[in-house]
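# Structure assessment
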Amino acid sequence: MSAQESTPAAASHPLALAPVAAPPASVDGFVREFLRNLNFERGVALSSSAPNDRYMALAYTVRDYLMARWLEDQARQRELQAKGVCYLSAEYLLGRQLDNNLLAARLTEVATEAMVACGIDIDELRQQEVEPGLGNGGLGRLAACFIDSLATMSVPSIGYGIRYEYGIFRQTFVDGQQVEQPDAWLTLGSPWEFPHPEAAQKIFFGGHTEKTTDEQGVETTTWVPGWHVLAVPYNYMVPGYHNGRVNTLRLWRAVASNAFDLRIFNSGDYEEAVRAQTFAENISKVLYPEDSTPQGKELRLQQQYFFVAASIADFLDHQLSADFDLENLPERVIFQLNDTHPVIAVPEFMRVLVDERGMEWDAAWAITQKCFAYTCHTLLPEALEVWPVDLLGRLLPRHLEIIYRINEEFLLEVRERFGDDELRIRNMSIISENPRSVRMAYLATVAGAKVNGVAELHSQLLREKVLPDFDEFYPGKFTNVTNGVTPRRFVRLANPGLAGLITEALGAGWTVDLERLRGLEAFAEDPEFRVKFAEVKRANKRILSDVLRERDGFVLNEDHLLDVMVKRLHEYKRQMLKLLHIVTEYEGIVSGRVEASSVQPRTFIFGAKAAPGYAMAKRIIHLINAVGSVVNDDPRVEGRLKVLFPPNYNVTLAERVIPAADLSEQISLAGKEASGTGNMKFALNGALTIGTDDGANVEIRELVGDDNFFLFGMTEPEVEALWAKGYKPAEFYQADSGLRRAIDLIASGAFSDGDRSVFEPVVSNLLYDDRFMVLADYSSYIAEQAKVDAAYGDQDAWTRASILNVARTGFFSSDRSIRDYIDRIWHTPPIL
Ligand code: 26V
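Owing to the predicted nature of the structure, the values given are computational and were not obtained by experimental measurement.

### Digging into the pattern of salt bridges
What the rule picks out here adds up to 58 salt bridges. In this structure, aspartate 317 and arginine 357 form a salt bridge, with 3.8 Å as the shortest nitrogen-oxygen distance. Here the residue aspartate 317 occupies a position in helix α11 (residues 298–319), and arginine 357 occupies one in the loop between α12 (345–356) and α13 (361–371), the gap between them amounting to 40 residues. The class for aspartate 317 is partly exposed, based on a relative accessible area of 36%. A residue is classified by how much of its surface remains accessible, and arginine 357, at 40% relative accessible area, is partly exposed. We note a salt bridge from arginine 405 to glutamate 409, for which the minimum N-O separation is 3.0 Å. Of this pair, arginine 405 and glutamate 409 both sit in helix α15 (residues 397–418), four residues apart, which is roughly one turn of that helix. Residue classification places arginine 405 among the partly exposed residues on the basis of a relative accessible area of 36%. Glutamate 409 sits in the partly exposed class, given a relative accessible area of 25%. In this structure, a network of salt bridges that share partners links the residues Asp563, Lys578, Arg602, Glu665 and Asp789.

Next up, the structure:
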């Protein structure tokens, strides 16, 4: 970073040397700061303040306590010039900030007491915060966990992303069907962000390229862009847990530049000028709510280029010392690509080095191949992003040329190694034909120093099935880093009861050293501890019950086994399989074959958003709600089965649902879920898992042991074998009477007022298409669910297994994931 500019006079002033000191962490001090913020920043008196004023003033106060450390850390990262991570992610699913920041800064108690002293209910203020939902699901939440761990572990790093004005849509149900509402999370203002319009970067698009050759015959290319926007950075504090560190998350907002407007304005067309402004600012307007099938939309590519171009320029302009020799970049930075969304950073980096900084192509390419690494988060072929060449060429003509050259030289190397094997060449080409498009995962693989999957099984399948030619061509490039979750948010904050119990048993260090949870194994054998542990679970159910009553008017029976499936709605995740289990139970009762009083009382909780354009997923949501309203109201069920589907599942709700769960549903078709991270959160909170041998479930089961995990379903090789043989779902339907009755009940219109047409597409999809083999795994799922019922009958044994789940899943801390990234990919030691 260039030295911070300040006038000599200012620099010598004593206050500039110690720019801010944290206010005193006493209750009185906190009250004073809070009232000062309320009066001077919000401009209101306590007596006339609204809850939002008080929330904002509280947030400002917390910020003030973190500020000195933040400024110090920014200065230190520039001074040290140590190697650091630039995490490039189009999504950060942060969740609420207030509690997290209070916890990190050790201010929870002081703030609570200070609010009491002011006659304020701090809980009411907590509820004011609208969570920044700047992500779709697992990938975005993973990025949020990672920046928490990076700060907590003092790794020099910065997160870069997009400040969407509208995050993931707010889901409502109308007649049981999903309706999307815009998530205007910024309406009341966000106290956590610091805009820096003066540090805006210009981001160019469109136009054409021109070649010039100088006297020495050296050809240079100039990009003559057609238009540009400004990228304005918004900084967010990322405090480490109890270590006094505060890292930065920098999210970019698109703003029309004056120059851009004026040109049109001068031509006399005011309306056109305003339209152009809107056009430019659309870039950071909304998060795309698709999370598996790329739509190939131009605006999405604009978003991607917009944020990576701004981030690279920001890093090169502001994080490097003025005399930095770019040849040394690999010792200074690693850009981690969170899936393919930021991969356009690769040709952008080449363009900057070659066209702007005058570096030779080969030297630039050698540096690039050391400065990037790529994480893949999927196995679904349809989720791998490709960009049509014509679209890319129109928006980023120079980048397309660069990609072509990268590909050309790469394919030459492939020919050298494997000869003129045209099939292989075609399969490995970064450019695919018909329609001509750029395979972003291939580009990332060729450019990246490392490529990693997100769980052992996923990484293995990535090498063997998705990118086998590349694995052969680049020995050692592929590696695994199993995902993790932050124990600060998902245990300590979400489950204070359990956290207290753990600290009582093991002392306080576990929050930053989660393997210490192992120490709980011994406590699993202690009857008194089991009683306390069970009480915590019960208390968590009561808390959830209050939340659901307040939020949705639901009644939750705390005596029920709480069976939870929360995740994006996707056919591969198989919410339909869960539903078939519920319908099977219900059908057993209403047909009279099963005595209602003999059924283990269960409440099924679903939480799931469907991509707005994903019709089948939306039909499944409708069906879950329809089954819920029939089952919940049928007196024959005697209240022993309940289906609750609170709308708008988000991080805030997850923090209440997960600690209360008894059973975690992780039932994807083997080989389809890259990792899962919800599965880890549930296990760490003492839920037992019913799951397939998929993603990180495999590692969870290995760790907790077969006795403490409900395994069912085909393995990935069995799935492959059944496909190879020719899978006919109707045969499974014919062969299993329970399955037949469940499907027939849905088909009969029992959940749609007798209208058989409503769910016909769901039924025929299962019977004749069933790409995710729901019917093939049905019988084994039902059998395993019977074991769950039986196991839950012995509460004490269940609690023991539950404690063992907590004790043995410390591996899934995102701190461990980050350590693996450091050891295997980044080589960025923590700083002192
Ligand atoms: C893909 C796309 C495709 C284009 C449209 C927008 C969009 C947005 C997100 C994605 C990524 C989908 C991949 C994803 O979220 N994968 C999940 O990543 C988790 C963290 O590694 C992992 O636990 C889940 O198993 C995996 O599904």
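### Thoughts on the site of the ligand
The full set close to the ligand counts 18 residues, and Glu290, His377, Asn483, Glu673 and Gly676 are the nearest of them. Take histidine 377: an N or O atom from its side chain is 2.6 Å from an oxygen atom of the ligand. A distance of 3.0 Å is found between an oxygen atom of the ligand and a backbone nitrogen or oxygen belonging to serine 675. Broken down by element, the shell around the ligand gets its largest block of residues, three residues, from helix α8 (residues 138–152). For the shell around the ligand, a count of residues per class yields six nonpolar, seven polar and five charged.

### Some words on the domain arrangement of the chain
On domain assignment, one finds that the chain holds domain 1 (21–80 + 105–127), domain 2 (344–481) and domain 3 (504–819). Placing the centre of domain 2 and that of domain 3 at their C-alpha centroids yields a distance of 38 Å. With 13 residues of domain 2 at the interface, the matching set in domain 3 holds 15 residues. Together, the buried faces of domain 2 and domain 3 total about 1000 Å²; carbon and sulfur atoms form 64% of this surface. Interface area lost by domain 2 to domain 3 is led by Leu380, Leu457 and Val481, which between them contribute 41%. Where domain 2 touches domain 3, the interface holds two salt bridges. Between arginine 771 and glutamate 382 there is a salt bridge, with its nearest N and O atoms 3.4 Å apart. Where domain 2 packs against domain 3, one counts three residue pairs in polar contact (both at pLDDT 80 or more).

### Structural notes on unusual backbone geometry
Residue proline 435 is bonded to the preceding asparagine 434 through a cis peptide linkage, with omega at -10 degrees. On the secondary structure map, proline 435 appears in the loop between β16 (431–432) and β17 (437–439). Phi at arginine 574 takes a positive value of approximately 70 degrees, unusual for a residue other than glycine. For arginine 574, the location among the structural elements is in the loop between β20 (561–566) and α24 (575–590).

### A short note on the sheet that holds strand β23 (residues 663–666)
The pairing of strands in a sheet happens through backbone hydrogen bonds and is either parallel or antiparallel. Reading across the sheet, the six strands line up as β22-β21-β20-β23-β24-β25 and stay open at both edges, with parallel pairing between neighbours. Of all strands in the sheet, those bounded by a partner on one side alone are β22 (641–644) and β25 (710–711). Pairing analysis gives two bridges linking strand β24 (residues 688–691) to β25, with the strands arranged parallel. Its bridge partner being in β25, glycine 691 is matched across the sheet by leucine 711.

### Considering the packing of aromatic side chains
As enumerated under the stated definition, the model contains 31 aromatic pairs in all. Their ring planes at 20 degrees and their centres at 4.5 Å tell us that phenylalanine 205 and tryptophan 227 sit as a pair that is stacked. Of the two residues, phenylalanine 205 is situated in strand β8 (residues 201–205) and tryptophan 227 in strand β11 (residues 227–239); the sequence distance between them amounts to 22 residues. Neither phenylalanine 205 nor tryptophan 227 differs from the other in exposure class; each is buried. Taken together, a centroid distance of 5.8 Å and an interplanar angle of 5 degrees make the contact between phenylalanine 410 and phenylalanine 470 stacked. Of this pair, phenylalanine 410 sits in helix α15 while phenylalanine 470 is found in helix α19 (residues 468–473), placing the two residues 60 residues apart along the sequence. Look at phenylalanine 410 and you get buried, because its relative accessible area is 2%. A network of ring pairs unites the aromatic residues Phe410, Phe418, Tyr442, Phe470, Phe473 and Tyr474 as a single cluster.

Each value, and the rule that gives it
Think of each chain on its own: its residues are numbered from 1, step by step along the sequence as written. Where totals are concerned, whole chains, interfaces and linings use all residues; where local detail is concerned, this predicted model gives features only for residues with pLDDT of at least 70, and gives and counts side-chain atom pairs only at 80 or more. For side-chain calculations, the full set of non-hydrogen atoms in the structure is used, while hydrogens and water are omitted. For this document, the term salt bridge refers to a Lys or Arg side-chain nitrogen within 4 Å of an Asp or Glu carboxyl oxygen. Starting at the N terminus, helices and strands are each numbered in turn, a helix being any DSSP run of H or I of at least four residues and a strand any DSSP run of E of at least two. The buried label goes to any residue with under 20% of its type's maximum accessible area, the exposed label to any with over 50%, and the partly exposed label to all in between, with areas taken from a 1.4 Å probe on protein chains only. It suffices for a single heavy atom of a residue to lie within 4 Å of a molecule or strand for the residue to be listed as near it. A 3.5 Å cut-off defines polar contacts: any pair of N or O atoms within that distance qualifies, except that in protein one atom must be a possible hydrogen donor and the other a possible acceptor, and neighbouring residues in sequence count only when both atoms are side-chain atoms. Any residue outside Ala, Val, Leu, Ile, Met, Phe, Trp, Tyr, Cys, Pro, Asp, Glu, Lys and Arg is labelled polar, Gly included; the first ten of those are nonpolar and the last four are charged. Reported domain spans reflect what an automatic or database domain assignment gives. Whether two residues touch is decided by their heavy atoms; if any such pair falls within 4.5 Å, the residues are in contact. Joining two parts hides part of their accessible area as seen by a 1.4 Å probe, and the buried area is that hidden amount summed over both. Here, a strand pair is defined by DSSP locating no fewer than two bridges between the strands. Stacked, tilted and edge-to-face pairs are distinguished by plane angle, under 30 degrees for stacked and over 60 for edge-to-face with tilted covering the rest, among Phe, Tyr and Trp rings (Trp via its six-membered ring) whose centres lie within 6.5 Å.

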